[in-house]
There are 4 protein chains.
Amino acid sequence: MSEPRGLSEPEGLFAGVFARGGRIGDGAWLQAMLDTEAALARALERAGLAEAGAGAKVTGAARADRFDPAELGRQATLTGNPVPALVRALTEMLPPPAATAVHHGATSQDIIDTAAMLLAAKAADAALGHLSAAAAAAADMAAAHQDTPMLGRTLLQQAVPVTFGLVAAGWLTGLDEARTRLASVRRERVALQFGGAAGTLASLGPDGPRVAALLAGELGLADPGLPWHTNRLRIVELAAALAGACAATGKIARDVTLLAQNEVAELREGSGTGSSGTGSPGSRGGSSAMPHKRNPVASIAILGCSRQAPGLLATLAVGAEQEHQRAAGGWHAEWQPLAHLLELTGSAAAWCADLLTGLEVDAAAMRTNLAATGGLPLAEHVTGVLAPRLGRLPAHDLVAGAAARATAAGRPFRDELLAAADGVSAQEIDAALDPAGYLGAAAVFTARALAAHRATETGLADGRRNGPQASPAPPGPGPQ
Amino acid sequence: MSEPRGLSEPEGLFAGVFARGGRIGDGAWLQAMLDTEAALARALERAGLAEAGAGAKVTGAARADRFDPAELGRQATLTGNPVPALVRALTEMLPPPAATAVHHGATSQDIIDTAAMLLAAKAADAALGHLSAAAAAAADMAAAHQDTPMLGRTLLQQAVPVTFGLVAAGWLTGLDEARTRLASVRRERVALQFGGAAGTLASLGPDGPRVAALLAGELGLADPGLPWHTNRLRIVELAAALAGACAATGKIARDVTLLAQNEVAELREGSGTGSSGTGSPGSRGGSSAMPHKRNPVASIAILGCSRQAPGLLATLAVGAEQEHQRAAGGWHAEWQPLAHLLELTGSAAAWCADLLTGLEVDAAAMRTNLAATGGLPLAEHVTGVLAPRLGRLPAHDLVAGAAARATAAGRPFRDELLAAADGVSAQEIDAALDPAGYLGAAAVFTARALAAHRATETGLADGRRNGPQASPAPPGPGPQ
Amino acid sequence: MSEPRGLSEPEGLFAGVFARGGRIGDGAWLQAMLDTEAALARALERAGLAEAGAGAKVTGAARADRFDPAELGRQATLTGNPVPALVRALTEMLPPPAATAVHHGATSQDIIDTAAMLLAAKAADAALGHLSAAAAAAADMAAAHQDTPMLGRTLLQQAVPVTFGLVAAGWLTGLDEARTRLASVRRERVALQFGGAAGTLASLGPDGPRVAALLAGELGLADPGLPWHTNRLRIVELAAALAGACAATGKIARDVTLLAQNEVAELREGSGTGSSGTGSPGSRGGSSAMPHKRNPVASIAILGCSRQAPGLLATLAVGAEQEHQRAAGGWHAEWQPLAHLLELTGSAAAWCADLLTGLEVDAAAMRTNLAATGGLPLAEHVTGVLAPRLGRLPAHDLVAGAAARATAAGRPFRDELLAAADGVSAQEIDAALDPAGYLGAAAVFTARALAAHRATETGLADGRRNGPQASPAPPGPGPQ
Amino acid sequence: MSEPRGLSEPEGLFAGVFARGGRIGDGAWLQAMLDTEAALARALERAGLAEAGAGAKVTGAARADRFDPAELGRQATLTGNPVPALVRALTEMLPPPAATAVHHGATSQDIIDTAAMLLAAKAADAALGHLSAAAAAAADMAAAHQDTPMLGRTLLQQAVPVTFGLVAAGWLTGLDEARTRLASVRRERVALQFGGAAGTLASLGPDGPRVAALLAGELGLADPGLPWHTNRLRIVELAAALAGACAATGKIARDVTLLAQNEVAELREGSGTGSSGTGSPGSRGGSSAMPHKRNPVASIAILGCSRQAPGLLATLAVGAEQEHQRAAGGWHAEWQPLAHLLELTGSAAAWCADLLTGLEVDAAAMRTNLAATGGLPLAEHVTGVLAPRLGRLPAHDLVAGAAARATAAGRPFRDELLAAADGVSAQEIDAALDPAGYLGAAAVFTARALAAHRATETGLADGRRNGPQASPAPPGPGPQ
């Protein structure tokens, strides 16, 4: 198996924001197509269908920097895709016996679909690495802050207390679920496409399935058992897993932007100058005209990526309705959105790792904000404490009345409660108003998320060891 | 565990087309919410947190037909959702001790999210049943027609021969992949949501996790370990699996509409009067004004459903960016698209089962259409046969020239080949032009799809036996 | 012209939230189809193609409550749409001579598309009414608060001062733009569809165009000049205008949810008990368990509606690629999303009118929040004031340094400025730190938005007077 | 007014297919941003707010080839967008007095939004040019083939006759509607964005509106009257107009792929070697391995573009919900989809012009296919002819019976009719079965589409003369 070369560097005006995990530009596409052609030549040689040495010769020639994407793009207007021109150019570089091995048995769709899968494998692996770092940071915060109380907020209004540990545990769970799914799709569903002109590999006679298996091995991709040219569920599942990863990061970024508002100030993005490998020099988030600002740049970048995902996912889901043995347009409409979604997911993941590893948590501000509420978010708790003594409904009415008077008059809720609740001591009221006493299962849930995180780590490590596998079922020892 | 009641009958002006597998109307929603409230009362009783008999009393009252959806809907404008009004109405039906068990520990989101999951479980199970019937029919056709040659068509142009068995095998693979994924999501990701006001279950004190586990058991849903109120990846994964099922049926329907064109006439929809349980009386697809027409109604209905899926999937993926502990609008925007997507998937699946079980395959027309091409789709084969003798390039040029002359002059390709290929016998040409000799791995691929189908059946049966399970990892014996 | 009957009442479990402006359920659809059939009979009679009185007889029978949607829905499975069954049922109600006028010249698509346009006209008119009320309320606030300073916030961080008048002017402009576009589409693009079996009206012989014109007149719809059966740009434009209206309301709702956060508290939703015709009894937004909460229910409801629009718009845009003279599935996939988008837009508009007419603006809180910043948002202003004296760069560095020290040490920015800026008086600093002195063109822009609003009102009133018109150009006195 | 430089050449691996009308790559973006900065310097100079000559100096420096997009992209990670780095780099190129004019009064969003509008104007103008050529070709075909009968096809089944002229007229109407809307948006809604830090232009003191007007003039864009920074309806309307143009071309491409199927063969794409300026050398659509194929490459390219539009439109519609005075992520998520949608629309338009100018119409094949039906598509006509004599129902039954027998037995419909219809002459039957006698209003509708086309041309020419204008209403002589 030859290692396919990687994604392009994230160079370009917007690449730092939207392609931070690597670009999928012309160079990356071209190399992935050439890697596929080269692997095919090697597979044909191993199958005895090309002369000895043909694989090495094609592989040697199959370097993207030897080809002119602009010229290939111009010729692509004659056929609707760049493969025929690429095959011609590659063939012309080679001596005749090796040349005949080029593209033998394949059709343009085989090359483009398999190249897309190679790019998907690379991009998914990179994204999984970033998501792993992000999850580790979330787990650290969940563990460190499992007893840090903060205001829970529902419908953008203050509700009852939670812990920041539980908030981080929720982020962690989202990241772990996204990783689990993306790793599963990458392992089981990112696969070779090889079917020839109409999915029968007829030009290889009886050798088609054997060449396909060898080709999959050369590329390090799963052998799907049969061509999937117009069965695009692999693409839909991949796109959904990518969109899921974007969604997991987007939820985190949304929370951070809200908790970093000046009026809330419970979280603050780091300056991005830390040890994160992809970090940039200089301090992030500042504004020269407005020196008081610290813009949540990482969160913004994540949202700038993640919010593009659903539309691209929809495009790819629409595209799955493909005609006969090759779709007229529906297939072509996949290339750009898939590549873009891979880029965006990698970028959101890289930014998320940066965000969470550098996140500044202000536990004091969390406590201060809680205290500033005067205990109103604990009203439910007070009711629960008083109910056994007063009955549920009277307790409720008493607390609601106290809360209303406190809010209307700007007086302490505690005082109103004391005034209203005959025979209840200040100590009891204070205990009921202590957020630390009304956190329910926050610690249990946080611990469970951390336990599940450890299981996820183990599961993903096992999956990486086992490598790619066919799905839904291995072709097995069936008829060949 | 009490069996939640099912989806509504597919009644309504458009329900036969778009909700054939069952409607998710007000009645179904209401019952699912009531089932959740009733199960909670039973769980509380089992946990010792409600008086003996409270569960049965609440369960007895929790019948949708006792409530007025219109009135609940009016009151929902005060809170943004119908649960508070429903809880009030339910409570008023009950004697005081049982009444206090109603909704104890829960928040509106718990009820709506869990109700949605109950509906999802029902709808997914129903859809899986229809998809199973569709897959069985596809498998039968793949087996029956593994040697039936037909024209392969790429980019909506005639290409090289394939078999109808391979076409059906491709449909089968899509259906099986969609079933595998949907079953996996249904088993592992369709789960209880129960977190109370902000995800801590604080009003249940230390009993929250235990009540949650009992509640999950009562409902037959997986216990997620911790609340997922603003981690919506379960919804995204469910939606993607549903959209995948729609895509699998849509691909089939697209092929059928194309192959049923009068000018092609290789397939023809059945009249829908067969034994399919949901079949309707009368003959389908006729047109009184145009008696020659047989409209592909089942395929049209499938496409009418499947094409709505990507947009709904996008809406649900957008919705995953939810704020804090409960989203302001993002959560609410999920209810309708999720229910609609469940309906549409069930309908597409039911129609697909009907379509494939009744499909009329005209193998003779397939052969006739192949023959009518005069062998041009075999040009690639002829080139392959002549290449060893003439050299690859000369063989290609000879065949291309003969094809061009045949097309331009309307003469038989065979005659042009015979005239041009010195020393090649008519017998050799005829053999090269025989579609049956150029089917490559069609039979192998078909057999593999059938083998994978048997493995899928086994896997799905195993999954059903094992029932719901938590994901990504069981909470295990962790801290409680 | 007979007045088509209106939308259904917003009854149902979720209708108060998602269909507050009126539902488009089976009853509304059925009546719209029947209105179309009845108008056709009257048009035929006026054209001399049906016996005298046929129009009145068909119109008398064409009442939705006489038909059973469930039965029609069951029969629709034979044809893929409910029209043939509806035509049969309607015909059976009538004496023979009138019966022959039913559906004469029409095809199912004519009835469904025209019914959809009737529903669109009704729903758009209703939405425009609500949007008009919302715009009036926004204009009132823009005028009332043109001098009310508040914090401008960019990237969810405090930036420089703005006025609430300008914020309201921005909302107003969005509403007015949405209204202008929706009114234009409703007037010019909501039109009759009438083409017969394949768009030629052949069964009417030479009378087709004349009947079409009469039919458009009967229905109060524009005559499109020629059938638009598979040219769906009207649907795309309508959907885009609806999504634009949703977007305008969604922007407002998003701002309100953010400004109503407890930590910001500059806006607060009214209780919804005002004079708004669709208002509900009781106080809105309260939470019995959390008595301190005032949930922004109207904003949430708006976002719950508006966030469903883009996915539906995408579905309708995908659907525009329709085959030949009637699409197989692409057409059918439009019915539900179009009706749903109409409902959601009406609901978002109704909620927005309610939101803005009841919105409580806390100008004092706006000033307090501004003051609490200690003048940091005015740093840009101070730099501008000092620059002429110190030079631009030194002024910038001085201010940035003072801001950094103030933020780091928690000391007043004003004091740091005074200490650093030799020869600048406290009076000058205080003037530079006064938000009222740094509002730029806020008042001008607000006045322009109000002027544009008055022009919009005039333009829309003119449009309503002129009634429906063809587009892109009237057919004129061309060949008939 | 200085002419902004154009879009990039369509160079790149996929640019020939997806960006044929011009690319919007880093170079185009960079130049558009620099054009905006240069125009601002000129506007400031004209307003007396920058020294004489500053405008020319900044304009001279503002050339994209002097800047390094990769370096700007790296620095963009500190701020979330590339403008601050660009401003710094531009400033450093200039002598101090001119340098102070750079970016004065502006914020990053002003530059990016206005640059996007400049790109939109260029791209829309280019697309309108291509659409105009496409419409002209459609009009020519509509006129030339107004009497060419062909099979109408509904639900992908043969229905009743139409004319190819009417088909082309339908395409024409779609193109003209799309052009009208896109031109309207380009003229009225593509406008300057200029608001400074938070939309008040405060740093320009009282001069903001005057500078804005001058800046709009310099750029040739409409002056919107007030900033639209977080009112994104302009973007939504632009995106919808672009998606509408894609939809109009996609409908045509879909029809061509279907009518070019070998089994239908009524249309055939040209070889693309004609005089179209962007045409490519060589013959298009051939397949070396399958010499009989002529792939409909232009149609495929159109569909490859047009099918990406709805998802991008949805992303942009979602993005319209922007917070406060600048959105955190929602704004950023617009840049790529808007640029991509502009590219795709231009490409679809260019391909469509190529497709329609080169389309080969086989009127003989149309007649042959009609004749091959044996008259069944005329059954409705025969019924109409016989009804006055036999009564409507007996006529219908007679014809339906004859059609059923003809289809079942493979006998001529004509013979069955003759045998069944006593007293009806063969001449009468033959007349009823003549497609030319059952074309209804096809010619009238075609003529109307052509008349509307001429009106569209006039309207668009008038619009171009009048240039950009504000919307919804000019700011007029209001307060400044």
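Structure: above.
Counting from 1, residues in each chain are numbered in the order their sequence is written. Chains carry letters and ligands carry numbers; both start at the beginning, A for chains and 1 for ligands, and go up in the order they are written. Local features in this predicted model are restricted to residues whose pLDDT is 70 or higher, and side-chain atom pairs enter the listing and the counts only when it is 80 or higher, whereas totals over whole chains, interfaces and linings include all residues. No hydrogens and no water enter the side-chain calculation; it runs on all heavy atoms of the structure.

Enquirer: What's the story with the overall build of chain A in this structure? I'm lost.
Expert: When helices and strands are counted, chain A shows 19 helices and 4 strands. In this treatment the radius of gyration is a C-alpha quantity, and the globule benchmark scales as 2.2 Å times the residue count to the 0.38 power. Taken over C-alpha atoms, the radius of gyration comes to 29 Å for chain A, far larger than the 23 Å a tight globule of 480 residues would show. Across its three principal axes, chain A shows a C-alpha extent of roughly 100 × 55 × 35 Å. In chain A, which comprises 480 residues, the share counted as buried stands at 67%. Within chain A, residue pairs in contact and separated by at least 24 positions form 75% of the contacts whose partners lie at least 6 positions apart. Of the charged side chains in chain A, 38 are positive and 45 negative; the average position of the first set lies 1 Å away from that of the second. By the criteria applied, helices consist of DSSP H or I runs no shorter than four residues and strands consist of E runs no shorter than two, each listed in order from the N terminus. Relative accessible area decides the class of each residue, using a 1.4 Å probe on protein chains only: under 20% of the type maximum gives buried, over 50% gives exposed, and in between gives partly exposed. Any pair of residues with heavy atoms lying within 4.5 Å of one another is described as a contacting pair. Positive charges come from Lys and Arg alone, negative charges from Asp and Glu alone, with His and the N- and C-terminal ends not counted. Taken as the charge centre is NZ of Lys, CZ of Arg, CG of Asp or CD of Glu, depending on the residue.

Enquirer: How should the packing of helix α8 (residues 164-188) of chain C against helix α10 (residues 233-259) of chain C be read in this particular structure?
Expert: To describe two helices that pack against each other, one gives the angle between their axes and the distance between the axes. Residues and elements named next belong to chain C. Throughout, an axis means a line fitted to C-alpha atoms (over the contacting stretch in the case of helices), and angles, computed between N-to-C directions, take values from 0 to 180 degrees. Contact geometry for α8 and α10: axes closest at 9 Å, N-to-C directions at 160 degrees. By the criterion of interaxial angle, the relationship of α8 to α10 is roughly antiparallel. Helix-helix and strand crossings are classified by hand; for α8 and α10 the assignment is left-handed. Classifying every residue of the contact of α8 with α10 by side-chain character gives 12 nonpolar, 3 polar and 6 charged. For this classification, under 35 degrees means roughly parallel, over 145 means roughly antiparallel, 65 to 115 means roughly perpendicular, and everything else is oblique. Crossing handedness is read from the near helix: turned anticlockwise from the far helix by less than a right angle, it gives a left-handed crossing, and turned clockwise, a right-handed one. Side-chain classes are defined by residue name, with Ala, Val, Leu, Ile, Met, Phe, Trp, Tyr, Cys and Pro counting as nonpolar, Asp, Glu, Lys and Arg as charged, and the others, Gly among them, as polar.

Enquirer: What's the story with unusual backbone geometry in this structure? I'm lost.
Expert: Across residues other than glycine, the phi torsion is negative in most instances, and most of the peptide bonds are trans. All names here are of chain D. At H103, a position not held by glycine, the phi torsion is positive, near 65 degrees. As for its placement among the helices and strands, H103 is situated in the loop between α6 (96-99) and α7 (108-144). Given a relative accessible area of 16%, H103 falls into the buried group.

Enquirer: Help me understand the side chain of E263 of chain C, please; the structure alone is not making it clear to me.
Expert: Structurally, E263 of chain C can be placed in the loop between α10 and β3 (267-268). Think of a polar contact as two N or O atoms within 3.5 Å of one another; within protein, one of them needs to be a possible hydrogen donor and the other a possible acceptor, and neighboring residues in sequence only count if both atoms come from side chains. Engagement of the side chain of E263 of chain C in a polar contact is seen with the side chain of R153 of chain A, the distance being 2.9 Å. When residues no more than four places from it in sequence are discounted, the contact partners of E263 of chain C are L151, R153, Q158, E263 and V264 of chain A.

Enquirer: For this particular structure, what's the right way to read the environment of I112 of chain D?
Expert: Residues and elements named next belong to chain D. Within the secondary structure layout, I112 lies in helix α7. Since its relative accessible area comes to 0%, I112 is described here as buried. Among residues more than four places away in sequence, those in contact with I112 are W29, M33, N81, P82, V83, W331 and W335.

Enquirer: Help me understand the packing of aromatic side chains in this model?
Expert: Two aromatic rings, drawn from Phe, Tyr or Trp (for Trp, its six-membered ring), form a pair once their centres lie within 6.5 Å of each other, and the interplanar angle then sorts them: stacked below 30 degrees, edge-to-face above 60, tilted otherwise. In this structure the tally under the stated criterion is 24 aromatic pairs over all chains. When the ring of F14 of chain B is compared with that of W335 of chain C, the centres are 5.6 Å apart and the planes differ by 50 degrees; the resulting orientation is tilted. Here the residue F14 of chain B occupies a position in the segment before α1 (15-18), and W335 of chain C occupies one in helix α13 (residues 332-358), the pair thus bridging two chains. Judged by relative accessible area, which is 8%, F14 of chain B ranks as buried. Here W335 of chain C falls in the buried class, since its relative accessible area comes to 4%. Both rings, one in F164 of chain D and one in W171 of chain D, keep their centres 5.8 Å apart while their planes meet at 85 degrees; by these two values the pair is edge-to-face. Summarising the burial analysis for this pair, F164 of chain D and W171 of chain D share the class buried. Site record: aromatic cluster; members linked through ring pairs are F14 and F18 of chain A together with W29, W331 and W335 of chain D. Here, a charge over a ring is recorded when the distance from Lys NZ or Arg CZ to the ring centre is within 6 Å and its angle to the ring normal is within 35 degrees. Lying across the ring of W351 of chain A, R20 of chain A places its NZ or CZ 4.2 Å from the centre.

Enquirer: Looking at this model, I keep getting lost on the interface of chain D and chain C. Mind explaining?
Expert: A common way to state how big an interface is: give the accessible area lost once the parts meet. Residue-level contacts link 86 residues of chain D with 86 residues of chain C. The three residues of chain D that bury the most area against chain C are E321, H324 and R448 of chain D, which together make up 11% of that side's buried surface. For salt bridges, the criterion is a side-chain nitrogen of Lys or Arg within 4 Å of an Asp or Glu carboxyl oxygen. One can count 8 salt bridges joining chain D with chain C. We note a salt bridge from E177 of chain C to R189 of chain D, for which the minimum N-O separation is 3.0 Å. Summed over the shared surface of chain D and chain C, the result is 26 residue pairs in polar contact (both at pLDDT 80 or more). Here the side of chain D that touches chain C takes 13 residues from helix α10 (residues 233-259) of chain D, the largest share from any one element. Its residues placed into classes, the side of chain D that touches chain C shows 45 nonpolar, 25 polar and 16 charged. Defined here as a combined quantity, buried area equals the accessible surface (1.4 Å probe) lost by two parts on assembly, summed across both.

Enquirer: Please explain the relation of the copies chain B and chain A as it appears in this structure.
Expert: Relating one copy of the chain to the other requires a rotation about an axis plus a shift along that axis. Least-squares fitting of chain B to chain A yields an RMSD of 0.0 Å, with the transformation described by 0.0 Å of translation along the axis and a rotation of 180 degrees. Look at the turn and shift together and you get a two-fold axis relating the two. A shared binding surface is used by both copies, with 100% of the interface residues of chain B retained as interface residues in chain A. Fitting of the copies onto one another was done by least squares over C-alpha atoms, counting residues only where both copies have pLDDT of at least 70.

Enquirer: What should I look at first to understand the interface of chain B and chain A in this one?
Expert: Tallying the contact residues gives 85 residues for chain B and 86 residues for chain A. For the chain B and chain A pair, buried surface summed over both sides reaches about 7300 Å², with 67% attributable to carbon and sulfur atoms. Three residues, E321, H324 and R448 of chain B, lead the burial of chain B against chain A; their summed loss comes to 11% of the area buried on that side. The salt bridge involving R307 of chain B is made with E321 of chain A; its shortest N-O contact spans 2.9 Å. Counting every contact that joins chain B to chain A gives 26 residue pairs in polar contact (both at pLDDT 80 or more). Listing elements by their share of the side of chain B that touches chain A, those giving two or more residues are β1 (149-154), β2 (157-163), α8 (164-188), α10 (233-259), α12 (309-318) and α19 (442-466) of chain B. For the side of chain B that touches chain A, the per-class residue count stands at 45 nonpolar, 24 polar and 16 charged.

Enquirer: Is there a simple way to explain the pairing of strand β2 (residues 157-163) of chain D in this structure?
Expert: The two faces of the sheet receive side chains in turn, since in a regular strand these alternate between them. All names here are of chain D. In terms of residue burial, β2 counts as a mostly covered element, since 7 of its 7 residues are buried. Direction of pairing for strand β1 (residues 149-154) relative to β2: antiparallel, over a ladder of 5 bridges. Bridging from a neighbouring strand, T154 pairs with Q157 of β2. Note: two strands are recorded as paired if DSSP finds a minimum of 2 bridges between them. Connecting the antiparallel pair β1 and β2 is a turn made up of 2 residues, with L155 showing a positive phi of about 55 degrees.

Enquirer: When you look at the relation of the copies chain D and chain C in this model, what are you seeing that I'm missing?
Expert: With an axial shift of 0.0 Å and an RMSD of 0.0 Å, the rotation relating chain D to chain C amounts to 180 degrees. Most of the interface of chain D is mirrored in chain C, where 100% of its interface residues are also at the interface.

Enquirer: Even after reading the chapter, I still don't get the state of the cysteines, so can you show me in this structure?
Expert: Disulfides are covalent bonds that link the sulfur atoms of two cysteine residues. Residue and element names in this part refer to chain B. Note on disulfides: each one is a pair of cysteine sulfur atoms within 2.5 Å. According to the stated counting rule, one finds 0 disulfides over all chains in the structure shown. Cysteine C246 is unpaired, with the sulfur of C305 as its nearest cysteine sulfur at 7.1 Å. Judged by its relative accessible area of 1%, C246 is buried.

Enquirer: Looking at this model, I keep getting lost on the pattern of salt bridges. Mind explaining?
Expert: Between side chains of opposite charge, a pair can form as their charged atoms come close. Enumeration according to the criterion identifies 135 salt bridges over all chains in this entry. Here D354 of chain A makes a salt bridge to R20 of chain A, at a shortest N to O gap of 2.8 Å. Linking D354 of chain A in helix α13 (residues 332-358) with R20 of chain A in the loop between α1 (15-18) and α2 (26-46), this pair joins segments that are 334 residues apart in sequence. Neither residue differs from the other here; D354 of chain A and R20 of chain A are each classed as buried. Between E266 of chain D and R153 of chain D there is a salt bridge whose closest N-O contact spans 2.8 Å. Separated by 113 residues along the polypeptide, E266 of chain D in the loop between α10 and β3 (267-268) and R153 of chain D in strand β1 bring together distant segments of the chain. Of the two residues examined, E266 of chain D and R153 of chain D, each falls in the buried class. Where salt bridges share partners, they join E177 of chain A together with R181, R189, R234 and E237 of chain B into one cluster.

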